[in-house]
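Below, each chain spelled out in residue letters.
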Amino acid sequence: MISQSSIFICPICRGNLDMPADDLYVCATCRQVYPVINGIWDALPKISANLKYLNWYEEEGVADDKTGAAKLNAQRFKVPNVLTVLPECLTARTCLDVGCGGGWFLEEFLKRLPAPPLAGSPPIKHSFGIDISLPRLREARRILAGTTLIRGDVESIPLADDSIDLVIALDVIEHIEHPEMLLKEIRRLAPHLVIKFPIEDTFFERFRAKLQWLKRVIRNRPPLFNPHLHCFTVKKAYQLLGRAGFEVKNKLLIDLPFGETFMYPPAYGITEQTPLAQKMDFHIKRFIIKSLSQLAYLFLAPFFSRLCNCGLYVYAMRSKRSSTTK
Ligand SMILES: C[S@@+](CC[C@H](N)C(=O)[O-])C[C@H]1O[C@@H](n2cnc3c(N)ncnc32)[C@H](O)[C@@H]1O
Ligand SMILES: [Zn+2]
């Protein structure tokens, strides 16, 4: 599966890697060893400082966490939104999904792209996925036969400069301790980026968080761990991209305060086998919520993204001027 070893670099010192065996990389400079285990390249050095939240990503949403897993698997619904913002004539031969999780997005994305000879489609020849969570990558390994999977920290991606054409970063930047480092890494790697920011610096989110806190205080429960380390407004997202040396070329704002996942029935255990009454109940609720949010959007359009949570998809290109975060 790892056929492009020449583009791999050491995430610690950026040195080149030697490959003394089929399943082993060793940094030619700092001698750090990186094994390949069951088709996943483990480029997360044990000494990595950024392991604070690792346990959470290793446990949440995988294997026996059925509800979490269904919700994560549902994330493939993002594919049409990504295709909407991507320019039709983009030519990308290599693509990297940062924070690829269980590979659900990449699997669907690669399937939905028209075959390379069709004009206007990105003819991806090689795909890469990087994530910090080994259990999620093991799931990705099961569904992504041809993709190079890397376990690593996206604040230091073990790939050489300009080795990728298109980077996809969906719902990951808010999880990263230093978002500007992630963007700096992406800019180093690729000229094209599709990124999704959850817009959560909103009135709705503050209200929801306070309500959740109060409920837990009343029930005498400890506060919930929130893996979202950062909260964005549309403006903050654009500023961050601008500072990192990206130019926004296209955008799509998904105005669904309860999140896009709500639009995807399997995420809530609704399948063909679900009894009709239960299915109807879900669809009625979904219809009401969608209609209400669309109505609200009609009246509040200019302020909507400050009031209610949204999803912001952006297609951005590396700008000519260099990033100010360098
Ligand atoms: C909310 S999930 C999004 C997954 C996927 N991109 C999607 O849109 O469905 C965030 C992912 O980021 C990964 N992650 C969090 N911190 C990371 C880090 N520092 N380096 C690499 N991956 C990280 C998590 O393991 C998780 O799979
Ligand atoms: Zn090294």
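None of these values were measured; they are calculated from a predicted model.

Conventions and cut-offs
The residue numbers shown here count from 1 along each chain, following its written sequence. Each chain gets a letter, beginning with A, and each ligand a number, beginning with 1, in the order they are written. pLDDT decides what is reported in this predicted model: residues at 70 or higher carry local features, side-chain atom pairs at 80 or more are listed and counted, and totals for whole chains, interfaces and linings draw on all residues regardless. Numbered from the N terminus, helices here are DSSP runs of H or I no shorter than four residues, and strands are runs of E no shorter than two. Partly exposed residues are those whose C-beta has more than 12 but fewer than 20 other C-beta atoms within 10 Å; 20 or more makes a residue buried and 12 or fewer makes it exposed, with C-beta atoms placed from the backbone. Placing C-beta atoms from the backbone, we regard two residues as in contact once those atoms come within 7 Å. One less than the residue count of a helix, multiplied by 1.5 Å, gives the span that helix is expected to have. Two strands make a pair as long as DSSP finds a minimum of two bridges between them. Whenever a helix is involved, its axis is fitted only over the stretch in contact; in every case the axis is a line through C-alpha atoms, and angles between N-to-C directions fall within 0 to 180 degrees. Any residue whose backbone-placed C-beta atom lies within 6 Å of a molecule or strand is treated as near that molecule or strand. Gly is placed with the polar residues, together with every amino acid not listed as nonpolar (Ala, Val, Leu, Ile, Met, Phe, Trp, Tyr, Cys and Pro) or charged (Asp, Glu, Lys and Arg).

Asker: Just give me the short version of the environment of H175, but keep the residues and values in it.
Answerer: With respect to the helices and strands, the residue H175 is situated in the loop between β8 (166–170) and α6 (179–189). Since 18 C-beta atoms lie within 10 Å of it, H175 is described here as partly exposed. In this structure the C-alpha to C-alpha distance between H175 and N226, which are 51 residues apart in sequence, comes to 9.3 Å. Excluding its chain neighbours within four sequence positions, the residues that come into contact with H175 are G99, P227, H228 and L229.

Asker: I'd like to hear about helix α7 (residues 203–218), residue by residue, with values.
Answerer: The end-to-end C-alpha separation of α7 is 23 Å, in line with the 22 Å expected for 16 residues at 1.5 Å each. A small share of α7 lies buried, amounting to zero of its 16 residues. Within two residues after α7, N220 carries a phi angle of roughly 60°, on the positive side.

Asker: Before we move on, can you summarise the sheet that holds strand β1 (residues 17–21) with the specific residues and values?
Answerer: One open sheet holds the eleven strands; their spatial order is β1-β2-β3-β4-β7-β6-β5-β8-β9-β11-β10, and the pairing between them is mixed. Looking at which strands have only one partner, the edges of the open sheet turn out to be β1 and β10 (246–254). Each strand of the sheet is rotated relative to its neighbour by a mean of 20°, with strand direction disregarded. Both strand β2 (residues 24–27) and strand β3 (residues 33–37) contribute to a ladder of three bridges, which runs antiparallel. Each bridged residue has a counterpart across the sheet, and for L24 the counterpart in β3 is P35. Across the sheet, α6 is in contact with β5 (94–98), β8, β9 (192–199), β10 and β11 (310–318); its angle to β8 comes to roughly 160°.

Asker: Tell me about unusual backbone geometry, and please be specific about residues and values.
Answerer: Its identity is not glycine, yet D162 carries a phi of approximately 55°, on the positive side. Mapped onto the elements, D162 comes out in the loop between β7 (148–151) and β8. The exposure class of D162 is exposed, given the 12 C-beta atoms found within 10 Å.

Asker: Lay out the site of ligand 1 in plain terms, naming residues and giving numbers.
Answerer: The local shell around ligand 1 holds 20 residues, among which Y57, Q75, G99, G101 and L170 are the closest. Broken down by class, the residue content of the shell around ligand 1 amounts to eight nonpolar, six polar and six charged.

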